Amino acid sequence: MLNAEKFQDPLVTAKGETRASVELKELKTLWFNTGTQCNLSCDNCYIESNPTNDRLSYITAAEVAPYLDEIGSLDLPTKEIGLTGGEPFLNPEIIQILESSLSRGFKTLVLTNAYRMMNRKKEQLVELNQKYPGLLTLRVSLDHFRKEVHEQERGEGTFEPTLKATKWIFDNNIPLAVAGRALVDEDMNESRQGYKQLLTEQGISIDTEDPQTLVIFPEMSDKRDVPEITTACWDILGKSPDDIMCASSRMVVKRKQHQKPKVLACTLLAYDEQFVMGDTLETSHKSVQLNHKFCAQFCVLGGASCS
Ligand code: SF4
Ligand code: SF4
């Protein structure tokens, strides 16, 4: 169980040590959460998506555009736009949002479960990929390379349709990446080999050794106790704060109760007010106090990054 005294004070840990923070070095990737609703209800979904969770509303193309324009007006080095959810293909304006990003020349990455919803947009996806060659990537989350583990998490009957949709992406020459998960007792290399074998059997040829093309996340649990990250941890762990996701990305969300979108520190902490960085990209340029268990469990100790 997580010790209730931890992750309370943004500046100081439960032991009284200085909490680690991360400076935004440069905004390389700007994420948009397209809305928290999802057609699946995975047990370990870090953002607690399901068909009824609308705490983050469907963001509109008109709300996305000013942020894309701000990248230009501030002359930011941002080259990549990421779209995540929930399931982005449930957003009624997903194609307009994609067009808005691609037409400005951004590499655009969509994280999808590729289960049914994406199939409704196949024609438009083929068109966008032809119109903006090489800019669009679809990253399919395939929870595990073994059907029984995937379906335990995502629901019965979800594995084959997801693989079929993944094969469709590959066959239509749309740049493809896969995101998977390694169980607590699974070695990362073993996991990579498992995905490699599955994808090869399906006739899907991607570079499974490239950590951007086959991303493998560690399993996350809400319940385990985790250490707090102090300023001394960087040296002890041999890690740099510059390598943490919030040093190079931000995420724009539209909270149900808000009139306007907000900019958050990262993709992982959608609901915690401490990680609201401002209304604009300019105001979001501030340091982030690592005052959440995900900071330790997922980013600093897990070594994972959504981008
Ligand atoms: S498919 Fe993704 S967003 Fe949807 S519930 Fe599962 S983990 Fe969450
Ligand atoms: S969860 Fe990770 S990326 Fe997000 S604020 Fe914490 S350390 Fe930064």
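The structure contained in this document is the topic of the report that follows. Keep in mind that this is a model prediction, so the values were computed, not measured.

As for the overall build of the chain
Thinking step 1. Helix and strand counts for the chain stand at eight helices and eleven strands.
Thinking step 2. A principal-axis box enclosing the C-alpha atoms of the chain has dimensions of 55 × 45 × 35 Å.
Thinking step 3. Counting across all 307 residues of the chain, residues that qualify as buried make up 44%.
Thinking step 4. A separation threshold of at least 6 residues defines the contact pool for the chain, and within that pool the share at least 24 residues apart is 72%.

Here we look at the sheet that holds strand S6 (residues 176-182)
Note on sheets: strands pair through backbone hydrogen bonds, and any given pair is parallel or antiparallel.
Thinking step 1. With mixed pairing, the nine strands of this open sheet are ordered in space as S7-S6-S5-S4-S3-S2-S8-S9-S10. Every other strand in the sheet has two partners, leaving strand S7 (214-218) and strand S10 (276-278) as the edge strands with one partner each. Along the sheet, successive strands turn relative to each other by an average axial angle of 30°, direction set aside.

Digging into the nonpolar core
Taken as a class, soluble globular proteins show a tendency for nonpolar side chains to be buried jointly.
Thinking step 1. In terms of nonpolar packing, the biggest core is built from 79 residues, with Cys246, Leu264, Ala265, Cys266 and Leu269 touching the most fellow members.
Thinking step 2. Per-element tally for this core: the top contributor is helix H8 (residues 293-300), with six residues.
Thinking step 3. Residues contacting cysteine 266, with those up to four places away along its chain left out, are Met245, Cys246, Ser249 and Met251.

Overview of the environment of methionine 188
Thinking step 1. Mapped onto the elements, methionine 188 comes out in helix H6 (residues 188-201).
Thinking step 2. For methionine 188, a count of 13 C-beta atoms within 10 Å corresponds to the partly exposed category.
Thinking step 3. Spatially, the C-alpha atom of methionine 188 lies 8.3 Å from that of proline 218, the residues being 30 residues apart in sequence.
Thinking step 4. If near-sequence neighbours (up to four positions away) are discounted, methionine 188 is found in contact with Ala182 and Ile216.

Some points on the environment of alanine 4
Thinking step 1. If you trace the backbone, alanine 4 turns up in the segment before strand S1 (21-22).
Thinking step 2. Judged by the 8 C-beta atoms lying within 10 Å of it, alanine 4 is exposed.

Section: H8
Because an α-helix completes one turn every 3.6 residues, residues spaced three or four positions apart along the sequence face the same direction.
Thinking step 1. Most of H8 is tucked away: seven of the eight residues are buried.
Thinking step 2. Buried within H8 we find Phe294, Cys295, Ala296, Gln297, Phe298, Cys299 and Val300.
Thinking step 3. Contacts from the buried residues of H8 go to helix H7 (233-237).

Quick notes on the pairing of strand S4 (residues 107-112)
Thinking step 1. Extensive coverage of S4 is indicated by the burial of five of its six residues.
Thinking step 2. Where strand S3 (residues 80-84) and S4 come together, four bridges link them in parallel fashion. In the strand pairing of S4, glycine 82 is matched with leucine 109.
Thinking step 3. In this region the chain leaves S3, passes through helix H2 (residues 94-103) and returns to the parallel neighbour S4; the handedness of that crossover is right-handed.
Thinking step 4. Each parallel crossover has a hand, and for S4 linked through helix H3 (residues 122-131) to strand S5 (residues 136-141) it is right-handed.

Regarding the site of ligand 2
Thinking step 1. Lining the immediate environment of ligand 2, one finds 16 residues, of which Met245, Cys246, Cys266, Cys295 and Cys299 sit closest.
Thinking step 2. Sorting elements by how many residues they give to the shell around ligand 2 places H8 first, with four residues.
Thinking step 3. Here the shell around ligand 2 is built from residues that sort into 15 nonpolar, one polar and no charged.

Details of the site of ligand 1
Thinking step 1. Every residue close to ligand 1 is listed here: Cys38, Leu40, Ser41, Cys42, Cys45, Ser49, Gly85, Gly86, Glu87, Asn113 and Ser141.
Thinking step 2. Residues of the shell around ligand 1, tallied by class, amount to four nonpolar, six polar and one charged.

Looking at the pairing of S5
Thinking step 1. For S5, a buried count of six out of six residues is recorded, marking the element as mostly surrounded by other parts of the structure.
Thinking step 2. Burial along S5 is two-sided: Leu136, Leu138 and Val140 facing one way and Thr137, Arg139 and Ser141 facing the other are all buried.
Thinking step 3. As judged from the five bridges shared by S4 and S5, these two strands associate in the parallel manner. Paired with threonine 112 across the two strands is valine 140, which belongs to S5.
Thinking step 4. Inspection of the sheet shows S5 paired to S6 by four bridges, in the parallel sense. The partner of arginine 139 across the bridge, within S6, is alanine 177.

Some thoughts on the packing of helix H1 (residues 61-73) against H2
Thinking step 1. Viewed as axis vectors pointing N to C, H1 and H2 meet at an angle of 15°, and their least axial separation amounts to 9 Å. With respect to their mutual orientation, H1 and H2 come out roughly parallel. The way H1 lies across H2 gives a crossing that is right-handed. Contacts between H1 and H2 involve Ala61, Val64, Ala65 and Leu68 from the first element and Gln96, Ile97, Ser100 and Ser101 from the second.
Thinking step 2. The residue inventory of the contact of H1 with H2, partitioned by class, reads five nonpolar, three polar and no charged.

The rules we used
Residues numbered from 1 in each chain as written. Chains lettered and ligands numbered in written order. Predicted model: local features only at pLDDT ≥ 70, side-chain atom pairs only at ≥ 80, totals over all residues. Helix = DSSP H or I, 4+ residues; strand = E, 2+ residues; numbered from the N terminus. Buried ≥ 20, exposed ≤ 12 C-beta atoms within 10 Å, placed from the backbone. Contact = placed C-beta atoms within 7 Å. Pairing = 2+ DSSP bridges. Axes fitted to C-alpha atoms, helices over the stretch in contact; angles between N-to-C directions. Core = buried A, V, L, I, M, F, W, Y, C linked by C-beta atoms within 7 Å. Right-handed = clockwise from strand over helix to strand, strands pointing away. Near = placed C-beta within 6 Å. Nonpolar A, V, L, I, M, F, W, Y, C, P; charged D, E, K, R; others polar. Parallel < 35°, antiparallel > 145°, perpendicular 65-115°, else oblique. Left-handed = near helix turned anticlockwise from the far one by under 90°.

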